[in-house]
Amino acid sequence: MDFVKQTIELAMNNVEQGGRPFATLVVRDGEVIAQSANQAAQTSDPTAHAEILAIREACRTLGTENLTDCDIYILASPCPMCLGALYYCSPRQVFYITTREEYVTWYRDDRKYFELENFYDEFAKPVEQRRLPMIRKADPDALKVYQRWQALNG
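Keep in mind it's a predicted model, so treat the numbers as computed, not measured.

A short note on the overall build of the protein chain
In terms of regular secondary structure, the protein chain is built from seven helices and four strands. Projecting the C-alpha coordinates of the protein chain onto the three principal axes gives extents of approximately 50 × 35 × 25 Å. A burial count over the protein chain gives 35% of its 154 residues as buried. Pairs at least 24 apart in sequence give 46% of the contacts found in the protein chain among residues at least 6 apart. Surface summary for the protein chain: the accessible area is close to 10300 Å², and the carbon and sulfur share equals 54%. One finds the centroid of the 17 positive side-chain charges in the protein chain at a distance of 8 Å from the centroid of its 22 negative side-chain charges.

Quick look at unusual backbone geometry
Although it is not a glycine, D29 sits at a positive phi angle of roughly 50°. For D29, the location among the structural elements is in the loop between strand 1 (23-28) and strand 2 (31-37).

Some details on the nonpolar core
With 19 residues, the main nonpolar core has V26, I55, A58, L67 and I72 as its most contacted residues. If you list the elements that add at least two residues to this core, you get strand 2, helix 3 (50-62), strand 3 (71-76) and helix 4 (80-89). Top element by residues in this core is helix 3. It accounts for five residues. Each residue touching I72, except ones within four places of it in the same chain, is listed here: T24, L25, V26, I55, L67, L86, C89, P91, Q93, V94 and F95. In terms of nonpolar packing, the next biggest core, distinct from the first, is built from nine residues, F3, L10, L25 and V27 among them.

What to know about the layout of surface pockets
Empty space among the atoms becomes visible once a probe the size of a water molecule is rolled across them. In this structure, the largest pocket encloses a volume near 400 Å³. If you go around the largest pocket, you meet 23 residues; those closest to its centre are H49, C79, M81, D109 and F114. Of all the elements in the fold, those that place two or more residues in the lining of the largest pocket are helix 3, helix 4, helix 5 (100-103) and helix 6 (116-124). Residue contributions to the lining of the largest pocket peak at three residues, all from helix 4. Looking at side-chain class alone, the lining of the largest pocket contains 14 nonpolar, four polar and five charged residues.

Some remarks on the side chain of H49
When you line up the elements, H49 lands in the loop between helix 2 (40-43) and helix 3. For H49, a relative accessible area of 17% gives the class buried. Those residues in contact with H49, other than ones at most four positions away along the chain, are N38, C79, M81 and C82.

Analysis parameters
Residues numbered from 1 in each chain as written. Predicted model: local features only at pLDDT ≥ 70, side-chain atom pairs only at ≥ 80, totals over all residues. Heavy atoms only, no water. Helix = DSSP H or I, 4+ residues; strand = E, 2+ residues; numbered from the N terminus. Buried < 20%, exposed > 50% of the residue type's maximum accessible area, 1.4 Å probe, protein only. Contact = heavy atoms within 4.5 Å. Areas by Shrake-Rupley, 256 points an atom, 1.4 Å probe, with all protein chains shown as cover. Lys, Arg positive; Asp, Glu negative; His and termini not counted. Charge placed at Lys NZ, Arg CZ, Asp CG, Glu CD. Core = buried A, V, L, I, M, F, W, Y, C linked by side-chain atoms within 4.5 Å. 1 Å grid on protein atoms, 1.4 Å probe; cavity = no way out; pocket = protein on both sides within 12 Å on 5 of 7 lines; lining within 4 Å. Points joined across faces, edges and corners; volume = space filled by probe spheres on them. Nonpolar A, V, L, I, M, F, W, Y, C, P; charged D, E, K, R; others polar.

Here it is in structure tokens:
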């Protein structure tokens, strides 16, 4: 099975249905165990990226929160949210088919605080210098949540 072509076809079908041009397959032992196209436009959910949805489906199917024995195919190099999810689920490897630099002529996704050209630079800045206002509201009771978790999970 050509998983690259299957990823491209899934993304193309999504575009034809009014969705965004992204798709993901999760493959284990040569079999697709989960797949999704980006559903952000269809669901009004900015987190409904193809990678996130496919990872969720794969983890539910396998009954685990990691995909260490899986390969993941994605249409384009991942956004920061999806990159974080990919690191967190820890697949064996990720295959990406295109890059932002290749597709920027035809597709651009700019938001108030999110432009792919400079978004990764935001992570390196101190919190108080980031474009997205982030204000710490410290409360010592918050640590009790983690202390309780440790007590229950050792």
